[in-house]
Amino acid sequence: MAGSRSWVFLLTVCAASLFGANAEIKFTIPVGRLFTYELMRETFQNDFEPLSKLYAGRLYDDPMIFKCNRQNFPDLPEWLRFTQRQPFDNGFLYGTPTSPGKSIIEIYAVNKRSYETARHILVIKVVTEKMLPYQAEFFLKLREIEKVLPSTVQDEIKQDLQKLWDTGALEIVNFTNALDRGGRVPLPLAGHFEGVYVKVGSERYFSECLLRVLKTEHQKQCTRGGKVKIPGDCNFCSIPSNCISWCKTELFDLSKPEPEPPAPTVGSGILEAAGDFDPPESPPSRDYFPDYMVTVIVPLILAIVLCLLLAYVMFGRREGLEKRNARTNQIQLYHHHTIHGNTDELRNMAGNRGALPPLSTLPMFNCRTGERASPLQSDSPTIPLIMAQHDPYSDTLPRK
Ligand SMILES: *[C@@H]1O[C@H](CO)[C@@H](O)[C@H](O)[C@H]1NC(C)=O
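Each chain has its residues counted from 1, following the order in which its sequence is written. At least 70 in pLDDT is required for a residue's local features to be given in this predicted model, at least 80 for side-chain atom pairs to be given and counted, and no such filter applies to totals for whole chains, interfaces and linings, which use all residues. Each side-chain value is worked out from all heavy atoms of the structure, with water and hydrogens disregarded.

**Student:** Help me understand the confidence of the model for the protein, please; the structure alone is not making it clear to me.
**Tutor:** Low pLDDT marks regions whose predicted coordinates should not be analysed in detail. The predictor's confidence in any single residue is recorded as pLDDT, a number from 0 to 100. With 78% of its residues at a pLDDT of 70 or more, the protein shows a mean pLDDT of 82. When pLDDT is averaged over each element of the protein, strand S5 (residues 91-95) comes out on top at 96 and helix H1 (residues 2-23) at the bottom at 44. Here, two residues are considered to be in contact whenever any of their heavy atoms come within 4.5 Å of each other. Taken as a whole, residues 1-18 scores under 50 in pLDDT and shows 0 contacts with residues more than four places along the chain or in a different chain. Note on residues 375-379: pLDDT is under 50 here. Beyond four places in sequence and across chains, it has 4 contacts. In DSSP terms, a helix is any run of H or I states spanning at least four residues, a strand is any run of E spanning at least two, and both are numbered starting from the N terminus.

**Student:** Please explain the environment of Asp62 as it appears in this structure.
**Tutor:** When you line up the elements, Asp62 lands in the loop between helix H3 (51-55) and strand S3 (64-70). The residues contacting Asp62, other than those within four sequence positions of it, are Arg41, Gln45, Glu49, Pro87, Phe88, Asn111 and Arg113.

**Student:** I would appreciate a short explanation of the state of the cysteines in the present structure.
**Tutor:** In what follows, a disulfide is any cysteine sulfur pair within 2.5 Å. Counted by the stated rule, this structure contains 3 disulfides. Disulfide pairing is shown between Cys222 and Cys247; the S-S distance is 1.9 Å. Taking the sign of the S-S torsion, about -90 degrees here, the bridge from Cys222 to Cys247 comes out left-handed. Of this pair, Cys222 sits in helix H7 (residues 216-224) while Cys247 is found in the loop between H7 and strand S11 (250-253), placing the two residues 25 residues apart along the sequence. Two residues, Cys237 and Cys243, share a disulfide whose sulfurs are 1.9 Å apart. The S-S bond linking Cys237 to Cys243 shows a torsion near 75 degrees; that makes this disulfide right-handed. The connectivity of the disulfide bonds within the protein can be written as 1-3, 2-6, 4-5, using the sequence rank of each bonded cysteine.

**Student:** Can you walk me through helix H2 (residues 41-48) in this structure?
**Tutor:** Listed in full, the buried residues belonging to H2 are Arg41, Phe44, Gln45 and Phe48. Projected down its long axis, H2 shows its buried positions confined to an angular sector of 110 degrees, all on one face. On its buried face, H2 sits against strand S2 (35-39), S3, strand S6 (101-111) and strand S7 (117-127). Between buried and exposed lies partly exposed: a residue is buried under 20% and exposed over 50% of the maximum accessible area for its type, with that area taken using a 1.4 Å probe on protein chains only. Of all possible arcs, the one meant is that of the directions from the helix axis to the C-beta atoms.

**Student:** Whenever I open this one, a nonpolar patch on the surface confuses me. Can you help?
**Tutor:** On the surface, a cluster of nonpolar side chains totalling about 470 Å² of accessible area is made up of Phe289, Tyr292, Met293, Val294 and Val296. Mapped onto the secondary structure, Val294 falls in helix H8 (residues 289-316). The residues that make up patches have over 30% relative accessible area and no salt bridge, and they are joined within 9 Å when like-charged or within 5 Å when they are Val, Leu, Ile, Met, Phe, Trp or Tyr. Only the protein chains shown count as covering a residue, and every accessible area follows the Shrake-Rupley method with a 1.4 Å probe. Think of a salt bridge as a Lys or Arg side-chain nitrogen and an Asp or Glu carboxyl oxygen that are within 4 Å of each other.

**Student:** Any chance you could explain the site of the ligand here in plain terms?
**Tutor:** All residues adjacent to the ligand are Arg81, Thr96, Asn174, Thr176, Arg181 and Lys199. By the criterion applied in these results, polar contacts are pairs of N or O atoms within 3.5 Å in which, for protein atoms, one can donate a hydrogen and the other can accept it, and in which residues neighboring in sequence qualify only through two side-chain atoms. In the environment of the ligand, an oxygen atom lies 2.4 Å from a nitrogen or oxygen atom belonging to the side chain of Asn174. In this structure, Thr176 approaches the ligand through a side-chain N or O atom, which is 3.2 Å from an oxygen atom. In isolation the ligand offers 360 Å² of accessible surface; the protein chains occlude 58% of this area. Think of it as three bins: nonpolar holds Ala, Val, Leu, Ile, Met, Phe, Trp, Tyr, Cys and Pro, charged holds Asp, Glu, Lys and Arg, and polar takes everything else, Gly as well. Taken together, the residues of the shell around the ligand break down into no nonpolar, 3 polar and 3 charged. The rule for a residue being near a molecule or strand is that one of its heavy atoms must lie within 4 Å of it.

**Student:** Whenever I open this one, the packing of aromatic side chains confuses me. Can you help?
**Tutor:** Pairs of aromatic rings are described using the distance from one ring centre to the other and the angle between the two planes. Here the aromatic set is Phe, Tyr and Trp, taking the six-membered ring for Trp, and pairing holds for ring centres within 6.5 Å; pairs whose planes are under 30 degrees apart are stacked, those over 60 apart are edge-to-face, and all others are tilted. Tallied over the entire structure, the rule returns 11 aromatic pairs. Ring geometry for Phe35 and Trp79: centres 6.2 Å apart, planes at 70 degrees, overall edge-to-face. Note that Phe35 is positioned in strand S2 and Trp79 in the loop between S3 and strand S4 (80-83), a separation of 44 residues in sequence. Neither residue differs from the other here; Phe35 and Trp79 are each classed as buried. An aromatic cluster is defined as three or more aromatic residues linked by ring pairs; in this entry it consists of Phe27, Phe35, Tyr37 and Trp79. For the cation-ring pair, Arg70 lies above Phe73, with the distance from its terminal atom to the ring centre recorded as 4.1 Å. Directly above the ring of Phe139 sits Lys248, whose terminal nitrogen or CZ lies 4.2 Å from the centroid. Comment: the charge-over-ring label is applied if NZ (Lys) or CZ (Arg) is within 6 Å of the ring centre and within 35 degrees of the ring normal.

Below, the structure is given as C-alpha cells:
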C-alpha cells in the first residue's frame, strides 16, 4: 500500500519537473533591439486542460489575464512592458533592453472562467551589441500597439521602411504606444486609433527621402499644419494603416559622439574677501486692520444680529402665538355651536313637512308642461327617506 503511494508521488514529481522544464523558455537578445514575446492563450489553455479532455473534443476558449513580474520582484524590468487589450486577446511582452544582463520573468496566467492559474518562466539574457548609428522614429497614426506587435505585422512595417530607407539592413529598435507619450485616448469609434511610434535603426546613412524631413521647407509646411507634399517615389506604405505621419518623423544621428559638457572650472578653494554681508531691508509693514474688519468683525456683527432676531422670534412672539391658539379654540367652539343650531333648524323644518313640498321636488313632474303624472299616489312623503331612523321630528310614521 505504502509502496504504491510513493510511486504515485514519484510520478507526480517527475511530471511536475517535466512540465516545469517545459514551461521555462530561454531567449538571448541583443541590446538596443526590440524584443517581443507573445503570450499565447492557446499555450496556457493546454496547461489548464488535461490532454484527455482535449481529445474528448471539448475545446475551451477561456478568457485569461496575465500577471508578469521579474522573479522575486514585484514588477517587470524597467525596459520591459506588458500589454493585453482584453481577456480574449493574447498578451505581449515587449521592450528594448539598454544594458546587458539576465532577467528571469514570471508569467502567471489566470483563467477567468475557472480561476485556475498557470505559471511560465521566461529567461532573457541580454548581450551587448553595437549601437545602430542612424536611427529614425516614425509615427503610425492608424495603429494600436497590440496590432503592430505580432511578428507578421512587424515584418510588413519593416519592409515598407526598408524601401523608404533604401536598405535591407534595418532593425526595429522600439515600439511605443502613443498614449505613453501623452497621446490622447481616442473616441471609441471606427477609424480612431491610439497611434504607435516606431523607431528603427541602420548602419547605413539616411536616404534622400528621409533627409527631406530636415529641410526647412518641409518643417515650415508642418508648422503651418497643412498637408505635407511628399513625392510619390517616397511613399512606400503598402497598406494605409502602415503609412507614416511625415511631420512626426524624427532622425537621430548617433554616429557622432555627443559633445562632452564643458568641464567644471576648479577654483582655489578659498572664497575671495568681498566685504561684509549686507542683509536686505525688511519689507514695509502692512496694515492688517481692513482685513481684520472684513474677516472677523463683519461676520461677528451679522451673527449677533441673527441671534437677536432668533431670540425675538422665540420669546417676543410667544404671546402672540398663545393668543392665536385661544382664538382658534373660540372658532372651534363657535363652529360647534352653529352645527348644533343648524341641526335644530333642520329638525324643525322636517317637522313642518306636512305642507306640500315644492313641485319641482316631486317625481314625475314635467317642468316644461307642468303636468304631473300620478301624483302622490305611488310616491308620498310617508315613504321614509332614511329607513330605520326614529327621530321624534321625522314623519316616517303614518300620518293621521
Ligand atoms: C523605448 O520606448 C520607451 C517608451 O517611450 C522608452 O521609455 C524607452 O527608453 C525606449 N527605449 C529605447 C532604447 O529607445
